[in-house]
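# What the coordinates show
So you can see what is in the structure, the chains are spelled out below.
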Amino acid sequence: DYVTKPCELQEVEARRPDFEDTRARLRGVWMSWGDTDLGEGRIRAAAQRYEQASQVPGLDTSEAAGKAAAIRIGLGTSALDRGACRGAVADLRGAERIAPGSVAPDLLRQAESCATTCLQLTLTADPDSGLADAQLDPLAADVRKRIGEGASEFLRLRSSRPTDTKACGGRTVPGFYGRPMNAGPYSGLVRVTAVNITRQPALSLTRQTVSQHGAGVDTLVSYEQYDEDLTGTISGWVTVTDQRAGGMSVPLPVRVTAQATARWQRSPVSPVTRQDPFTRQTTTAVMVDASGGRARAEEERRRARGVLSEKLLAGFAEETARLLLSTVDVEPAVPDPSELPDIVSQ
């Protein structure tokens, strides 16, 4: 009997990989499935079925590969006509992978060209923002790094320096009523307006620890632990300007919060006397000098402020990069066409 489920044929093939009839049937099922999808308007699904048929080993799969590539080319051409250039690139590359040489090089270059745009990035801080000058360049470098890590291959990043001479062009995106429209290149201005750090009153807790002095002799020492919470915020704006659309800009607010804790200890506040159960010797805790408590507190506060500043700058860079990419590196989705040229169904 003719087996109609691809999963069953794949199971048989796994057991008898040299069984040519099984592989022929497997290819036939995928082809038949693709024909059905194509006839019922499921064009992209049909391409996937034909591609599966082209991957059956040991058989001539040129027909299946040709059909899959033809559909991909048709989808890519349709997407290109509607301005969905990045989708067009994906389909055209898929067609070339399935059937090398099936895509005209000029067509693929056209799709890649209209999918690519550029972002010129500038980062500044208001004079009274509270951001130190030494922090500005590392923050700008972090923003650029995060954009580079998260951007698609179609976004080129430029700086505002005069020495940066990279070509910076626009791209084509789907517009209203299925008509393509031009967008970009873009300018991105990241501006830090305020950095604030507040310190909550320190909370103290009395704790105890055991200090051993010789065999069988220990001393119970009481001390105070201080916890001081620091809360910080960094605020600013990300303004994206479409240079092609008459300088139309989109301002987006950025606000990041973070916390850190300063913790330090003070010397014992009360002596405790303990008697050794074997020697009957008594030992009294000696008061430790507490004169260095303020210096230790200030040192711990500086450390906590440094940790808090790192958290704030990292969070600001991450949120800034996310906003920029969500504005300049996305493309509106368009549905697949319901039909393609006759060449696909031949």
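Further up the page is the structure itself.
Source: prediction; values computed, not measured.

### Examining the overall build of the chain
For the chain, the helix and strand inventory stands at eight helices and 10 strands. Looking at the chain as a whole, 39% of its 346 residues are labelled buried. Once local pairs closer than 6 in sequence are excluded, the contacts in the chain between residues at least 24 apart make up 68%. Accessible surface computed for the chain: about 19700 Å², of which carbon and sulfur atoms make up 50%.

### Remarks on the packing of helix H5 (residues 85-98) against helix H6 (residues 105-115)
Interhelical geometry of H5 versus H6 gives an angle of 150° and a closest axis separation of 8 Å. H5 and H6 meet at a crossing whose hand is left-handed. When H5 is examined against H6, the residues Cys-85, Arg-86, Ala-88, Val-89, Leu-92 and Arg-93 are found in contact with a partner set consisting of Leu-107, Leu-108, Ala-111, Glu-112, Cys-114 and Ala-115. Split by residue class, the contact of H5 with H6 holds nine nonpolar, no polar and three charged.

### Notes on the state of the cysteines
Following the criterion strictly, the structure yields one disulfide and no others. Residue Cys-85 pairs covalently with Cys-114 via a disulfide, S to S 2.0 Å. Disulfide Cys-85-Cys-114: the torsion about the S-S bond is -120°, which places it as left-handed. Within this pair, whereas Cys-85 is found in helix H5, its partner Cys-114 is found in helix H6, the two being separated by 29 residues in sequence. Residues Cys-85 and Cys-114 agree in their burial class; the two are buried.

### Quick notes on the pattern of salt bridges
Applying the stated criterion across every chain, the model contains 21 salt bridges. Residues Arg-72 and Glu-51 are paired through a salt bridge, measuring 3.6 Å at the closest nitrogen-oxygen approach. One end of the pair, Arg-72, is in helix H4 (residues 62-81); the other, Glu-51, is in helix H3 (residues 43-54), and 21 residues separate them in sequence. The exposure class assigned to Arg-72 is buried, which follows from its relative accessible area of 12%. Between Arg-109 and Asp-106 there is a salt bridge whose closest N-O contact spans 2.3 Å. Here the residue Arg-109 and the residue Asp-106 both occupy positions in helix H6, the gap between them amounting to three residues, near one helical turn. Neither Arg-109 nor Asp-106 differs from the other in exposure class; each is exposed. A cluster of three or more residues bridged by salt bridges with shared partners is formed by Arg-44, Glu-51, Arg-72, Asp-91, Arg-97 and Asp-336.

### Here we look at unusual backbone geometry
Geometrically, the link from Gly-184 to Pro-185 is a cis peptide bond, its omega value of 5° lying close to zero. Turning to its location among the elements, Pro-185 is positioned in the loop between strand S4 (180-183) and strand S5 (186-199).

Calculation rules
- Residues numbered from 1 in each chain as written.
- Predicted model: local features only at pLDDT ≥ 70, side-chain atom pairs only at ≥ 80, totals over all residues.
- Heavy atoms only, no water.
- Helix = DSSP H or I, 4+ residues; strand = E, 2+ residues; numbered from the N terminus.
- Buried < 20%, exposed > 50% of the residue type's maximum accessible area, 1.4 Å probe, protein only.
- Contact = heavy atoms within 4.5 Å.
- Areas by Shrake-Rupley, 256 points an atom, 1.4 Å probe, with all protein chains shown as cover.
- Axes fitted to C-alpha atoms, helices over the stretch in contact; angles between N-to-C directions.
- Left-handed = near helix turned anticlockwise from the far one by under 90°.
- Nonpolar A, V, L, I, M, F, W, Y, C, P; charged D, E, K, R; others polar.
- Disulfide = S-S within 2.5 Å.
- Salt bridge = Lys/Arg side-chain N within 4 Å of Asp/Glu carboxyl O.

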